[in-house]
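Coordinate inspection notes
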Amino acid sequence: MDIPAADTDLSSERMLLEVHARHADDVIADLETSPSGLTVNEAARRLEMYGRNQLPTVAGRHPLLRLLSHFHNALIYFLLASAVAALLLGHFVDASVIVAVVMVNAVVGFVQEGKAEKALNAIRNLIAPHAHLVREGKHVEVPVDEIVLGDIVSLEAGDRVPADLRLIRASALRIEEAILTGESVAAEKRVTPAPKEAALGDCHSMAYSGTLVATGQATGVVVATGSDTEIGRISTLLRDVQPLTTPLLQQINRFGTQFTWITLVVAVALFAFAVLVRGHVWSEALIAVVALAVAAIPEGLPAVITITLAIGVQRMARRHAAIRQLPAVETLGATSVICSDKTGTLTRNEMTVRRLEAPSGRMTVSGSGYVPEGRLTEETAANVEDTRPPDIDSLILAGLLCNDAQLNHTDEEWHVIGDPMEGALVALAIKAGLDPESTRHEWARLAEIPFDAKHRFMATLNCHALEETRIFVKGAPDELLQLCSLQADGEGSGSLERDAWTARIAEAAAQGERVLGFATKRVPPGTNKLAFADLDDQLVFVGLTGFIDPPREEAVAAIKECHSAGIMVKMITGDHAATAAAIARQLGFDHDLQVLTGRELDNIADSDLPGIVAKISVFARTNPEHKLRIVQALQSTGAIVAMTGDGVNDAPSLKQANVGVGMGLKGTDAAKEASQMVLLNDNFASIVAAVNEGRVVYDNIRKVTAWTLPTNGGQVLAVIAAILFNFAMPMSAVQILWINLITAVTLGLSLAFEEAEPNVMQRRPRPAGQGLLTPFLVWRIVLVSFLFLIAALGIFFYSMGRGDELAMSRTLVVNTIVVMQVFYLFNVRYLHMTSFNWRGVLGTPAVLTAVIVVFIAQLIFTYLPAMHGLFDTRPLGIADGMLIISIGIAMLMVLEVEKAFMRRAGWLGQ
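Only a predicted model underlies this, so the values are computations on that prediction, with no experimental measurement involved.

Here the focus is helix 16 (residues 420-431). Look at helix 16: 17 Å from first C-alpha to last across 12 residues, which is about the 16 Å you get at 1.5 Å a residue. Counting buried residues in helix 16 gives 10 out of 12 residues, a clear majority hidden from the surface. Where helix 16 is concerned, the buried positions are Met421, Glu422, Gly423, Ala424, Leu425, Val426, Ala427, Leu428, Ala429 and Lys431. Residue Gly433 follows helix 16 closely and has a positive phi angle near 100°.

Quick look at the structure:
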């Protein structure tokens, strides 16, 4: 990061990369400052020179321009064209409904606008308003935005770091960096330089802006402010990411544009044919062309698609997934890759003791999270809870007493107050049959040595009610092995087998476990002070505990479901490679999986990255740029990517992804605002449930399309046939509009409520470039359109042939088309069935309600005298009604035979 001095600009790529690896004194010298801080005048001069310590704001568009922008796409043009067509025919109610749909879409989009600005503002709010500095040797409090390079900042527990700092003094300092690294455990900090090649999470000599001090105190020199900080770089990345258009919007825009041009060309051609060839007066030809346009434009389709998406939003909310942007519902259905964070999404984000290593042997601990329920068993799986060796009991006791955490049970959940690993040790003690409160009361703490990164352990002096006094030590196992010369042996002690313990530590670490060591020492009764010298001899090593952040059980099943659905799952985490690989195997990833680290990713060229990331399942030690590159590389292969995240570091990749998925419980506001969907329970299984619902939504949209276009197509063909062959229109323009209006808002809308077909999660994701109209749907549209044409013209000429007036013949045609639409609805309800069945004929409550409404509407249309005047209809006899119904049944039988043939040929639903 840039470190310019007062008189010279020392910023360089070398300094940017190596500040964490340089000695604090050298950094202070380069910044021309000192531990007593800058002078007030120098601070003011640097503030003017380098600017304020604040993140850039995004200038928003004028609200009116934002609102108007939501009318600028082919879908809205399509709706407005439908409204104009309806208005030209005097159908004001239909036109009003369509305009209302346009306005609702615009208002919803207007409310959702400004996502990037909100995300940036959420990041800016992470920075504390004031900070404690040292200037001219005095402690002062100044606004955060007035901090400059070279300022000396004081930190205490609970403080939010106001700028990027190189630590110059640290005592027991631990900082929660999850918003930047994704790691659930607070990072230990110390002053000594970190390795040059250290990843962000391993820079122990740095405190980063926006992170939170968990324990301890520290002093640091400011080495980066504003946009130059790590969090500022994320803000810049987020601002530069361009939002993507969803597949559905792309397809509807493309379809709407093409359909509008085709309709226009056909209408003009027919108008010219009618006037120039058939000799019709232009007004009659125009009426015919208007009838064609009304028949061709499926004015209800866009509205029904929007409602289908809205119903998907409601269904997903019931499955703990809140949709922030409507088209994301459909995009989820096309998802082919899910990139998930590890901590809290695939895992519980609750540390759990899984392994106990004592001199007498190994025991495993069951249970998950902080819930104190589980069993302690030997490696041979024989239950030994009642006959545990003394060294195991000593290990558990040390973990409980050398511990400041508390475990509370509230709202049917267990919560830790304090360090997560210490909370896991309390849960272990309860599983072992101890009562933490009474045990700690019996073993009163007399003194302690707090944990500090310098010595990497914590020690307590405890006195038992029976006059026994002991020292309990907990810390890094390699540090404790250096302090100990003995190890527990039954009730006594023996020589320490240091090499054997080192091997055990390595084995636990290789399985992704975090390891703590424990030791004890008996001291004379009456001892009430504890010093480092008391640990120099006779310290007895009692064993190790291995911790894991356990996988969510439901995540294991969800990943298996993803594999069956052809969806790749990739874990992208800031954690260590060994930990990530171990968790991945427990989750059901391939056992021979490859892990790619962020540092290895840096050495891969952008051109080579797509082919590599497609093969890798686990990415470890990643930073925001890595996540963004991974998502972009996957998208370059045509993948539809869903990305999960909860930290500020995830915001750029969340925005870049086709579907950004934020965490509702533990996620930062920045991550939520950058997401299209927020998980209300932070559970990976909810993502898979949302993908399921997304596929259902897309299936239903295809069903609506497969039902709407051919029914309209039959009407269009009938109008074209009348113009070409110079016979009377089988339906008037207003009758066509009646059909479209009454059926679209009933029969078409009922398809939006369809449940999932049985095989919805056994199909591979649809290709990213697949159009809404697949070859199967095109075939179905053509076939059904001609069936409607044959039936409509057949009943029309049959009626005219028996001497009926034109109004009676048209009434028969309108009722025939509506009845055929009803029977076709039952056929189209299942497009992906793998075996022949009649479940589609049974209907759902929505379908049956729609059929009843249409039946009543057609009775009114046919028999109400007022409708005779409006639509020029005539009442039908029972025989005509039976004939119409038989035509609908015949069409259904033909289409079921066609579906069976398509199923055998493997074309069904393609």
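There's plenty left to go through after this.
Let's shift gears to the packing of aromatic side chains. Scanning all chains against the criterion turns up nine aromatic pairs. Seen from their ring centres, Trp738 and Phe861 are 5.2 Å apart, and the 15° between their planes marks the pair as stacked. Of the two residues, Trp738 is situated in helix 28 (residues 733-750) and Phe861 in helix 32 (residues 845-863); the sequence distance between them amounts to 123 residues. Here the aromatic residues Phe727, Phe796 and Phe797 are joined through ring pairs into a cluster of three or more.

Another point: the side chain of Arg135. Along the chain, Arg135 turns up in strand 1 (residues 130-135). A distance of 3.3 Å separates a polar side-chain atom of Arg135 from the backbone oxygen of Glu146. In this structure Arg135 touches Ser36, Gly37, Leu38, Ala43, Val140, Val142, Glu146, Ile147, Val148 and Asp151, once residues within four positions along its chain are discounted.

Residue-level pLDDT values for the protein chain average 82, and 84% of them are 70 or greater. Here residues 1-16 scores under 50 on pLDDT; set against residues more than four positions off or in separate chains, the count is 47 contacts. Counting interchain partners and residues more than four positions distant, the pLDDT-below-50 stretch residues 112-117 has 16 contacts.

Moving on: the sheet that holds strand 25 (residues 641-645). Spatially, eight strands are ordered 8-27-26-25-9-22-24-23 in an open sheet, and the strand pairing comes out mixed. Two strands lie at the open edges of the sheet, namely strand 8 (321-323) and strand 23 (595-597), each paired on one side alone. Within the sheet, the average angular offset between the axes of one strand and its neighbour, ignoring direction, is 20°. Most of the contacts of helix 27 (residues 684-724) go to strand 9 (residues 337-340), to which it runs at about 160°, and overall it touches strand 8, strand 9, strand 22 (568-572), strand 25, strand 26 (659-663) and strand 27 (677-679).

What counts and what doesn't
- Residues numbered from 1 in each chain as written.
- Predicted model: local features only at pLDDT ≥ 70, side-chain atom pairs only at ≥ 80, totals over all residues.
- Heavy atoms only, no water.
- Helix = DSSP H or I, 4+ residues; strand = E, 2+ residues; numbered from the N terminus.
- Expected span 1.5 Å × (residues − 1).
- Buried < 20%, exposed > 50% of the residue type's maximum accessible area, 1.4 Å probe, protein only.
- Phe/Tyr/Trp six-rings, centres within 6.5 Å; stacked < 30°, edge-to-face > 60°.
- Polar contact = N/O pair within 3.5 Å; in protein donor to acceptor, adjacent residues only side chain to side chain.
- Contact = heavy atoms within 4.5 Å.
- pLDDT = per-residue confidence, 0-100.
- Pairing = 2+ DSSP bridges.
- Axes fitted to C-alpha atoms, helices over the stretch in contact; angles between N-to-C directions.

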